[in-house]
Amino acid sequence: MSKFSYGSVLVTGGAGFIGSHLTEALLARDCRVTLLDDLSTGSWRNIAHLHDHKNLRVLKASALEPDVLDREVPAHDLVYHLASAVGVKLIIDQPVKTVETIFRAAETVLSACSRYRRPVLLTSSSEVYGKLKEVPFREDADVVMGPTEKRRWAYACAKALDEFLALAHFHETRLPVFIVRLFNTVGPRQVSQYGMVLPNFVEQALEGRPLTVYGDGTQQRCFCSVFDAVDALIRLPQQAHAAGQVVNVGSQEETSILDLAKRVIKLTGSKSEIRLVPYEQAYGPGFDDMARRVPDLTRARDLMGWTPQRGLDEIIRDVIADLRTRTPR
Ligand code: UDP
């Protein structure tokens with residue numbers, strides 16, 4: 001296991017799906033970790049197995065609380081800001097909370113990091129590319145945002161604004177900011193509750209319910225294992241020259257959602273059927289989905305020698321194994 005060049009780290013959103021895996025990976029590298037989570041979408045269950053770890057401190061607090069950050073940020077060498085509203089469904093159902101929490105949390109964290117001159121890694125999203133059509137998406141490509149009347153784009157805009165603010169800190173004061181645009185990240189501990197497709201399909205398959213494919217299922221995505229994504233999150237802030245840049249992290253193995261459903265059925269051995277559900281029915285009227293989304297990984301490779309290692313079937317198997325143990329049926 002490679003050493004980590006920071007001795008102590010603050011992880012906002014540390015009880016979440018990605019945050020809990022990151023925390024585990026940091027602890028395995030002998031790093032001291034303080035995990036901050038308000039449990040809005042994260043869960044103690046994700047970190048229960050780490051509770052007695054001598055190098056872990058857990059704080060139930062929000063990244064929106066300046067007092068907490070004023071106390072915690074200076075006590076650490078690096079901050080990972082992962083706390084965020086997640087999932088398209090949440091964005092559609094709670095648009096005010098989504099926009100406010102995404103932006104205010106980033107603003108609060110960045111201003112504390114700026115005050116105490118602490119490097120910070122911010123997780124952004126491939127949603128920022130909006131409806132861009134030309135794949136693969138390069139970090140410096142023009143983004144194609146949908147109209148403000150469609151709620152989905154609020155998430156993309158909020159994340160884009162976070163990126164702008166982080167980069168502004170870099171440009172004005174050279175605060176070391178690292179920005180990762182995560183593409184569809186999946187793996188153990190991701191829950192179906194926020195609408196993410198893979199845990200949803202696996203749960204449906206394990207329960208013998210129909211797999212709900214939205215639209216005609218020809219839309220394509222690249223699913224990256226959380227283990228690969230965490231490896232990138234660990235590598236990036238150790239590359240000083242990566243500060244002030246946006247870096248894509250994702251897989252380039254494309255699959256249609258219909259094909260994903262078929263693979264899940266095959267790998268679970270389920271007798272479930274596939275049901276096509278119109279977007280309107282799934283997300284309400286006026287929903288925009290993107291047909292393809294593939295990251296260009298040149299920058300990730302050049303900056304930190306990173307490429308994803310896990311293939312889609314292996315990733316699906318990881319999720320099946322996790323959901324089989326988590327939801328006894
Ligand atoms: N999707 C689906 N069935 C589901 C959940 C999602 O067909 O039960 C589709 C969704 O419309 C999108 C893709 O799967 O085209 C990926 O959805 P997810 O919410 O996981 O991530 P997104 O790429 O939308 O951020």
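Residues numbered from 1 in each chain as written. Predicted model: local features only at pLDDT ≥ 70, side-chain atom pairs only at ≥ 80, totals over all residues. Heavy atoms only, no water.

With respect to the overall build of the protein
Rules: Put simply, DSSP marks the helices as runs of H or I at least four residues long and the strands as runs of E at least two long, and each gets a number from the N terminus on. Restricting the calculation to C-alpha atoms gives the radius of gyration, and the globule rule supplies 2.2 Å times the number of residues raised to the power 0.38. Burial here depends on accessible area, computed with a 1.4 Å probe over protein chains only, as a share of the maximum for the residue type. Under 20% is buried, over 50% is exposed, and the range in between is partly exposed. Two residues qualify as a contact provided that any one of their heavy atoms is within 4.5 Å of a heavy atom in the partner residue. Surface accessibility in these figures is a Shrake-Rupley result with a 1.4 Å probe; residues are shielded only by whichever protein chains are displayed. For the purpose of charge, His is not counted, nor are the chain termini; Lys and Arg are scored as positive and Asp and Glu as negative. Here the site of a charge means NZ on Lys, CZ on Arg, CG on Asp, or CD on Glu.
Per the secondary structure count, the protein includes eleven helices and 13 strands. Compactness check: the protein gives a C-alpha radius of gyration of 19 Å against a globular reference of 20 Å for 329 residues, within 12% of the reference. A burial count over the protein gives 55% of its 329 residues as buried. Summarising the internal contacts of the protein: among those between residues at least 6 apart in sequence, 80% fall at separations of at least 24. As displayed, the protein has an accessible area near 14,200 Å², and 50% of this comes from carbon and sulfur atoms. Taken as two groups, the 41 positive and 40 negative side-chain charges of the protein have centres that lie 3 Å from each other.

Some points on the environment of Tyr116
You can see Tyr116 is positioned in helix 4 (residues 95-116). A relative accessible area of 27% means that Tyr116 is categorised as partly exposed. Along the primary structure Tyr116 and His76 are separated by 40 residues, whereas in three dimensions their C-alpha atoms are 9.8 Å apart. Discounting residues that sit within four places of it in the chain, Tyr116 has contacts with Asp70, Val73 and Pro74.

What about the nonpolar core?
Condition: The term nonpolar core refers to a set of buried residues drawn from Ala, Val, Leu, Ile, Met, Phe, Trp, Tyr and Cys, joined through side-chain atoms within 4.5 Å.
Grouped together as the largest cluster of nonpolar side chains are 65 residues, with contacts concentrated most on Phe4, Val9, Leu22, Leu26 and Tyr80. Within the second largest apolar cluster, 20 residues are counted, among which are Val186, Leu198, Phe201 and Val213.

Details of the packing of aromatic side chains
Counted only if it meets this: Note on ring pairs: Phe, Tyr and Trp rings are taken, using the six-membered ring of Trp, and paired if centres are within 6.5 Å. Classes follow the plane angle, with under 30 degrees stacked, over 60 edge-to-face and the rest tilted.
Tallying each qualifying case throughout the model produces six aromatic pairs. Aromatic pair Phe4 and Tyr6: ring centres 5.5 Å apart, planes at 50°, arrangement tilted. The exposure class assigned to Phe4 is buried, which follows from its relative accessible area of 8%. The class for Tyr6 is buried, based on a relative accessible area of 15%.

Observations regarding the side chain of Thr212
Put simply, the rule reads: Throughout this description, a polar contact denotes any pair of N or O atoms lying within 3.5 Å of each other; where both atoms belong to protein, one of them has to be capable of donating a hydrogen while the other can accept it, and for residues adjacent in sequence the pair is counted only when both atoms sit in side chains.
Tracing the chain through its elements places Thr212 in strand 8 (residues 211-214). In this structure Thr212 comes out as buried when scored by relative accessible area, which is 17%. There is a polar contact of 2.9 Å between the side chain of Thr212 and the side chain of Gln204. In this view, Thr212 contacts Asn200, Phe201, Gln204, Arg275 and Val277; residues no more than four positions away in its chain are not counted.

What to know about the site of the ligand
Note the cut-off: Note on terminology: near, applied to a residue and a molecule or strand, indicates that one of the residue's heavy atoms is within 4 Å of it. Residue classes follow a fixed rule: Ala, Val, Leu, Ile, Met, Phe, Trp, Tyr, Cys and Pro count as nonpolar, while Asp, Glu, Lys and Arg count as charged, and any other residue, Gly among them, counts as polar.
By nearness alone, 19 residues border the ligand, and Asn200, Thr212, Arg221, Asp289 and Arg293 come closest of all. Between the ligand and Val197, the relevant distance is 2.8 Å, taken from an oxygen atom to a main-chain nitrogen or oxygen of the residue. Here an oxygen atom of the ligand and a backbone polar atom of Tyr214 are 2.7 Å apart. When the ligand is considered free in solution it has 520 Å² of accessible area, and contact with the protein chains removes 94% of it. Put simply, the parts of the chain that give the shell around the ligand at least two residues each are helix 6 (197-206), strand 8 and helix 9 (279-283). Looking at side-chain class alone, the shell around the ligand contains nine nonpolar, five polar and five charged residues.

Notes on helix 5 (residues 152-173)
We apply this condition: The span expected for a helix works out to 1.5 Å for each residue beyond the first.
The first and last C-alpha atoms of helix 5 sit 33 Å apart over 22 residues, in line with the 32 Å expected at 1.5 Å per residue. Arg174 sits one or two residues past helix 5 and shows a positive phi near 60°.

Brief notes about helix 7 (residues 226-235)
Summarising burial for helix 7: seven of the ten residues are buried, a large majority. Among all positions in helix 7, only Val226, Asp228, Ala229, Val230, Ala232, Leu233 and Ile234 are buried. Two or three places before Phe227, at the opening of helix 7, Ser225 has a side-chain oxygen 3.0 Å from that residue's backbone nitrogen.

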